[in-house]
Amino acid sequence: MAENTKEEWVLSQLSEYVRAISALPDCRTVSKKMYCNLVRRVKLLSPLFEELKDGRAEEELGDDVVAGLDSLRIALDSALQLLKSVHEGSKIFQALQIDKIAGKFEHVTQQIEAALSQIPYNELDIPEEVREQIELLHAQFKRATGRMESPDLQLAMDLAAAQMEDDPDPIVFKRLSEKLHLRTINDIKKESLAIHDMVISCGGVPEGVSEEYFETMSYLLRKLKDCVMMDNPDVDATEVDKSSIKHRSPIIPDDFRCPISLELMKDPVIVSTGQSNGVELPKKQGNCRNKRSGISGSDCDRAAIDALLQKLANGNPEQQRAAAGELRLLAKENADNRVCIAEAGAIPLLVELLSSPDLRTQEHAVTALLNLSINEANKGTIVNAGAIPDIVDVLKNGSTEARENAAATLFSLSVVDENKVAIGAAGAIPPLIDLLCQGTPRGKKDAATAIFNLSIYQGNKVRAVRAGIVPPLMRLLKDPGGGMVDEALAILAILASHQEGKVAIGQAEPIPTLVEVIRTGSPRNRENAAAILWSLCTGSAQYIKIARELGAEEALKELSENGTDRAKRKAGSVLELLQRVEEEVNS
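Per chain, residues are indexed from 1 in the order of the written sequence. Where local features are concerned, this predicted model is filtered to residues with pLDDT of at least 70; where side-chain atom pairs are given and counted, the filter is 80 or more; whole-chain, interface and lining totals use all residues. Side-chain measures were taken over the full set of non-hydrogen atoms in the model, leaving aside hydrogen atoms and water.

- Within an unreviewed UniProt entry, the label attached to the protein chain reads RING-type E3 ubiquitin transferase, and the organism entered is Sesamum radiatum.
- UniProt positions are given in the numbering used here, feature names are shortened, and annotations may be inferred rather than shown by experiment. Annotation of the protein chain in UniProt includes, under Function (unreviewed entry), the sentence "Functions as an E3 ubiquitin ligase."

Here it is, written out as structure tokens:
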């Protein structure tokens, strides 16, 4: 890059970053003060960049100035990404991670201050008042480094009380609702979506974060929703249900995390054999901007997409197969492409191809829909195009890869609560159970994840139990080498919350296996095993007697001291049942 070209580009980028940061909405999280301070200070850089851009025609900037400005560009990019993550991110997560969030603001502040230190203001031909403003601003950044915000002690105490106490005072959740700006059903809905997006972007648990955070977040979100409902008694229950139906149900138990495999949500699956018979991605020609993209947006090839749709609609079978394969890859590539492909009208055409007699075309179509379904709006378009019955048919009769990707697609669509009902009613659960039993390792994972998410809906619990899911789950649970113990326990735990599931699990004589898992399993598996044991023992002296004879009490005591928060609660509840029965025997 020529020097004057680089100079021009750096100044343009700096101005663009300042405009983007200045345009960010107000912050309504516990990070508000840090967020607002950083935005306010960055805005004050704007006059410097405008003066430098206006003065370029008369005098080129020195190399050291350009180098300093480029360092500032990098720092402002970091600032923008941090501010966007705070604005769009989970409020509960930020509250639990407030020290780490503060550390990120500190790091960005240090970056900006270090970059400003590199710029020789005396060499710049700018008005004196601009120079003074920038020097004052530099001094503000320097003072801000190393000076952390004072912690909100009331918030910290309320979060601790909410997590540690068995029955926290409702006023605790009232204060948290206010502090976290989670005051309405719509706020709760947005929070659920924010957590879901975090799971997608991270492919599961964010790096450096314990999975127990997700359990805590689930618990807090549920309690805060209850608090909001108490404060809004005039909200009709059906309206609340509609609100829940229209948004993605969280995928972490008990509310929004799938405790099985989150890989599906990291980015849609493109299997190794599907890098599509030599089909090349079209080169970029058109321009279709995604509103949520970065500073300058991203281009997608709308002209090429339109051409592919013509082949889908009017081409011969070979052209349809190739076009579906290309759309599959484009939808995999990035979020902007997913928007463009849907806006161009591809989804109904792809749904038609689910019934293609050509198995490869069918596979491309279902995988393209899987990739497109990562976009929230596309989920509704796919369902409205009548895709669910056809996807279920692919799940029953397609190729191995098509069946696996059909299961993954049903999981993705089932994140919307109303779709859980429709997918179950379309007969998806029996073929999912078949895939769970007979599929490849990846197919089994896809099937298990879909079954778990569908079973959040009570009617699908019944369908799964009546379709005979419990015996194969018990076989998977007893085969550690099969790699499906996590999945089996997670599904059994959710089925055990329904009476029919509880009966079916009890008939499979699971208690010896559950006690062994509580003794030796991973933290998540011990937690789920304790939850299943609690469901079985509640109201059943027979199961309590078996658990005591197998030495469950000692394992549960250890779990109640060292397990996850949920595991401690469940272990404590089972121990109470065991001790109550012992007292009755001795009395």
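1. What to know about the packing of helix α28 (residues 499–507) against helix α30 (residues 523–537)
Line of reasoning, step 1. Working convention: axes come from line fits to C-alpha atoms, limited for helices to the stretch in contact. Angles between N-to-C directions cover 0 to 180 degrees. In this text, helices come from DSSP runs of H or I with a minimum length of four residues, and strands from runs of E with a minimum of two, each type numbered from the N-terminal end. It is the contact of α28 with α30, at a shortest axis distance of 10 Å, that shows an interaxial angle of 100°. It follows from the interaxial angle that α28 and α30 lie roughly perpendicular. Residues Lys502, Ile505 and Gly506 of α28 touch α30, and the partners they reach there are Ile532, Ser535 and Leu536.
Line of reasoning, step 2. Throughout, the ten residues Ala, Val, Leu, Ile, Met, Phe, Trp, Tyr, Cys and Pro are labelled nonpolar, Asp, Glu, Lys and Arg are labelled charged, and all others, Gly among them, are labelled polar. When its residues are assigned to classes, the contact of α28 with α30 shows three nonpolar, two polar and one charged. Roughly parallel here means an angle under 35 degrees, roughly antiparallel means over 145, roughly perpendicular means 65 to 115, and every remaining angle is called oblique. The contact criterion used throughout is that any non-hydrogen atoms of two residues lie within 4.5 Å.

2. Re the packing of aromatic side chains
Line of reasoning, step 1. Each Phe, Tyr or Trp ring (for Trp, its six-membered ring) is paired with any other whose centre lies within 6.5 Å, and the angle between the two planes then decides the class: stacked below 30 degrees, edge-to-face above 60, tilted in between. Counted by the stated rule, this structure contains zero aromatic pairs.
Line of reasoning, step 2. Lysine NZ or arginine CZ positioned within 6 Å of the ring centre and within 35 degrees of the ring normal marks a charge as sitting over the ring. Above the plane of the ring of tryptophan 534 lies lysine 570, whose end atom (NZ or CZ) is 4.2 Å from the centre.

3. As for the environment of phenylalanine 411
Line of reasoning, step 1. Along the polypeptide, phenylalanine 411 turns up in helix α21 (residues 400–413).
Line of reasoning, step 2. Summary of the burial criterion: residues with accessible area below 20% of their type's maximum are buried, those above 50% are exposed, and those between are partly exposed, where the area comes from a 1.4 Å probe applied to protein chains only. Residue classification places phenylalanine 411 among the buried residues on the basis of a relative accessible area of 0%.
Line of reasoning, step 3. When the C-alpha atoms of phenylalanine 411 and threonine 449 are compared, they prove to be 6.7 Å apart, with 38 residues separating the residues in sequence.

4. A closer look at the environment of leucine 155
Line of reasoning, step 1. Relative to the helices and strands, leucine 155 is located in helix α8 (residues 153–164).
Line of reasoning, step 2. In this structure leucine 155 comes out as buried when scored by relative accessible area, which is 7%.
Line of reasoning, step 3. Separated by 20 residues in the primary sequence, leucine 155 and arginine 175 have C-alpha atoms spaced 8.1 Å apart.

5. Topic: the nonpolar core
Line of reasoning, step 1. Residues enter a nonpolar core if they are buried and are Ala, Val, Leu, Ile, Met, Phe, Trp, Tyr or Cys, with the set joined through side-chain atoms within 4.5 Å. Membership of the largest hydrophobic core comes to 98 residues, with the highest contact counts inside it found for Leu350, Leu432, Leu436, Ile469, Leu495, Ile532 and Leu556.
Line of reasoning, step 2. Broken down by element, the residue count for this core peaks at nine residues, all from helix α27 (residues 485–495).
Line of reasoning, step 3. Leucine 556 has contacts with Ile518, Leu533, Ala571, Val574, Leu575 and Leu578, leaving out every residue within four places of it along the chain.

6. Here we look at helix α17 (residues 346–353)
Line of reasoning, step 1. With six of its eight residues buried, α17 lies for the most part within the structure.
Line of reasoning, step 2. Within the sequence span of α17, burial applies to Ala346, Ile347, Leu349, Leu350, Val351 and Leu353.
Line of reasoning, step 3. Looking at the buried positions of α17, the neighbouring elements they touch are α14 (302–314), α15 (317–333), α16 (335–343), α18 (359–372), α19 (376–384) and α20 (387–397).

7. Side note on the state of the cysteines
Line of reasoning, step 1. Cysteine sulfur pairs qualify as disulfides if the two atoms are within 2.5 Å. Here the structure, examined in full by the defined rule, presents zero disulfides.
Line of reasoning, step 2. Of all cysteine sulfurs in the structure, the one in cysteine 36 sits closest to cysteine 27, which takes part in no disulfide; the separation is 6.1 Å.
Line of reasoning, step 3. You can call cysteine 27 buried: its relative accessible area is 1%.

8. Section: the pattern of salt bridges
Line of reasoning, step 1. Any carboxyl oxygen of Asp or Glu that lies within 4 Å of a side-chain nitrogen of Lys or Arg is treated as forming a salt bridge with it. Overall, the coordinates contain 21 salt bridges when judged by the stated rule.
Line of reasoning, step 2. The partner of arginine 328 in a salt bridge is glutamate 363, with the nearest N and O atoms 3.1 Å apart. Remark: glutamate 363 occurs in helix α18 and arginine 328 occurs in helix α15; sequence separation between them is 35 residues.
Line of reasoning, step 3. Here arginine 360 ties to glutamate 363 by a salt bridge, and the two come within 2.8 Å at their closest N and O atoms. In this pair, arginine 360 and glutamate 363 are both assigned in helix α18, three residues apart and thus about one turn of the helix distant.
Line of reasoning, step 4. Accessibility expressed as a relative area gives 4% for glutamate 363, which makes it buried.
Line of reasoning, step 5. Taken together, the shared-partner salt bridges in this structure form one network comprising Lys174, Glu178 and Arg183.

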